[in-house]
Amino acid sequence: MMTATLTEIREAILPPTGDVLLRFLRDAYYGQQGEHTTDAYPAEIALKARQLGLIGQGEKRHTLTNQGYIVGNVAKEYCNWVDHGRNMPTPKPPQSMIEGKDVLDLGCSFGRWLWEFQRTAHSVVGLELQPEYVELGSALARCEGIEPPTIHNSGVENLDKFIKPDSIDFVFSRLVFNHVDIQVTLPKVAAVMRKGGTIWIQVETFRGAIRRIFEGELRVRSRVLGAFAFCNSVGCMLTGRQMSLPVKGRMHARHRIAYPTLGWWKRSLKKLGIEEFKLEDDDGGNATFSARKVR
Ligand SMILES: C[S@@+](CC[C@H](N)C(=O)[O-])C[C@H]1O[C@@H](n2cnc3c(N)ncnc32)[C@H](O)[C@@H]1O
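Residues numbered from 1 in each chain as written. Predicted model: local features only at pLDDT ≥ 70, side-chain atom pairs only at ≥ 80, totals over all residues. Heavy atoms only, no water.

Caption draft 1: Structural view of the layout of surface pockets. Size it by volume and the second largest pocket reaches roughly 240 Å³. Together, 14 residues line the second largest pocket, and Q183, G240, W264, S268 and K271 are the ones closest to its centre. Elements represented by at least two residues in the lining of the second largest pocket include exactly α8 (182-192), α10 (220-239) and α11 (262-271). A per-class count over the lining of the second largest pocket returns eight nonpolar, four polar and two charged. (1 Å grid on protein atoms, 1.4 Å probe; cavity = no way out; pocket = protein on both sides within 12 Å on 5 of 7 lines; lining within 4 Å. Points joined across faces, edges and corners; volume = space filled by probe spheres on them. Helix = DSSP H or I, 4+ residues; strand = E, 2+ residues; numbered from the N terminus. Nonpolar A, V, L, I, M, F, W, Y, C, P; charged D, E, K, R; others polar.)

Take a look at the structure:
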C-alpha cells in the first residue's frame, strides 16, 4: 500500500500546497507526543491527509497511520530544517573535512546533510534503510531546487555492495550506529575509507542511554526495550555481537539497539586502523567523535 501511494504522496508534498500538508503532518507527529495540535489547520488539509492514508479515518484527533508516521518523520525533519534557516544542527563537521572530498553518509534519512555537503564536496553518496525516506527526499530536493544526491536504499551492513574499497575520504553518520549491526558494519566502513580519511560519528552514549532508560518516566514496553538495550550494550562490548528482536511496528523489522561506551568505540576503531580518536562533542546523551584512518 505504501508503494502504491508514494507517488501520490510525492505529488501532494510539492508546491504550491505541499508545504501546508508537511506542516500539518509535522504537527500531527508531535501531537502524538502531546506537544502540538493540528486544530488550526483547514479541514481540507486533514481531508487530503486522510485520503492519502496518512491519518486514521473518523478520528477527532489527527492520529497518524503507520504510513503517516513515516511521512510525518520526514515532514518533521524537513520543516524544522526550513524553520532553522535551512541550517543543519550542531555539532557539524568542519568545512575542511568536506571540501573537495568524497563523502559517504550512513543512515542519511531523506538526505538533508548530503544536500549541504554536496555544495563543496567532490562527490556525495548516502545509504538509507527506509525506502520512503529516499523517495520523499528526492521530491523534497527538487522542491528546494537541489540536485537529489545518490542515496542507495539499503542497510549500512551492506555498504560494500555499493561503495568501492578505498574510495571515501569522509564518512559521516549521525544517530544511526546504535541501531545497526556494528560488528558487521565497522570493518566495512574501514575498508571503503582511503588512508588519511576521516570518520565523524554521532551516537547515543552508554551513560546517556542508561540515564534515560532507568531514570525516565517510561511505560512498561519502553522499560522492557530499555532492559534489552542495556543487556545488548553490555553483550556487544564483551563479545562484539548484538542480539536482535523482531519488532512489530512502523519502521525497522528488527531491533538490535546497543549503546557501547566511548572507550569501546575508540578501541574498536583502533583495531581497524582508525586512530586519532577525538571527542568533538558530548551533551550527556549524545556524543560525537572523529577519527582518522592511519593504515
Ligand atoms: C535518527 S535518524 C538520523 C537520520 C540522519 N542521519 C540525520 O541525522 O538526520 C536514523 C536513521 O537511520 C536509518 N537507519 C536505521 N538503521 C539503519 C540501517 N541498518 N541501515 C541504514 N539506515 C538505517 C533510519 O531509517 C533513519 O533514517
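Caption draft 2: Layout of the domain arrangement of the protein chain. Under the domain assignment, the protein chain is made up of domain 1 (2-83) and domain 2 (95-293). A straight line from the C-alpha centre of domain 1 to that of domain 2 covers 27 Å. Listed by partner, the interface residues are 19 residues for domain 1 and 16 residues for domain 2. Taking both partners together, domain 1 and domain 2 bury about 1800 Å²; carbon and sulfur atoms supply 70% of that area. Run the count over domain 1 and domain 2 and you get two salt bridges. E135 is the salt-bridge partner of R10, the closest N and O atoms lying 3.1 Å from each other. (Domains from an automatic or database assignment. Contact = heavy atoms within 4.5 Å. Buried area = accessible area lost by both parts, 1.4 Å probe. Salt bridge = Lys/Arg side-chain N within 4 Å of Asp/Glu carboxyl O.)

Caption draft 3: Up close: the packing of helix α4 (residues 66-83) against helix α7 (residues 131-143). Put simply, α4 and α7 touch, their axes get as near as 10 Å, and they point 40° apart. In terms of orientation, α4 and α7 fall into the oblique class. For the element pair α4 and α7, the recorded crossing hand is right-handed. Together, I70, V71, N73, V74 and Y78 of α4 and E132, Y133, L136 and L140 of α7 make up the contact between the two elements. Across the contact of α4 with α7, the residue classes break down as seven nonpolar, one polar and one charged. (Axes fitted to C-alpha atoms, helices over the stretch in contact; angles between N-to-C directions. Parallel < 35°, antiparallel > 145°, perpendicular 65-115°, else oblique. Left-handed = near helix turned anticlockwise from the far one by under 90°.)

Caption draft 4: Examining helix α3 (residues 43-51) more closely. Listed in full, the buried residues belonging to α3 are I45, A46, A49 and R50. Down the axis, α3 shows its buried residues gathered within 140° of arc, on one side only. α3 presents A43, E44 and Q51 as exposed residues on the side facing more than 90 degrees away from its buried surface. Of the residues one or two after α3, G53 is the one with positive phi, at around 75°. (Buried < 20%, exposed > 50% of the residue type's maximum accessible area, 1.4 Å probe, protein only. Arc of directions from axis to C-beta.)

Caption draft 5: Fine view of the pattern of salt bridges. Per the counting criterion, the structure on display carries 17 salt bridges. The salt bridge partner of R207 is D282, with a shortest N-O separation of 3.2 Å. Here D282 lies in strand β8 (residues 274-282) and R207 lies in helix α9 (residues 206-215), a separation of 75 residues in the sequence. With relative accessibility at 47%, the residue R207 sits in the partly exposed group. Salt bridges sharing common partners tie together D19, R23, R26, D27 and D83.

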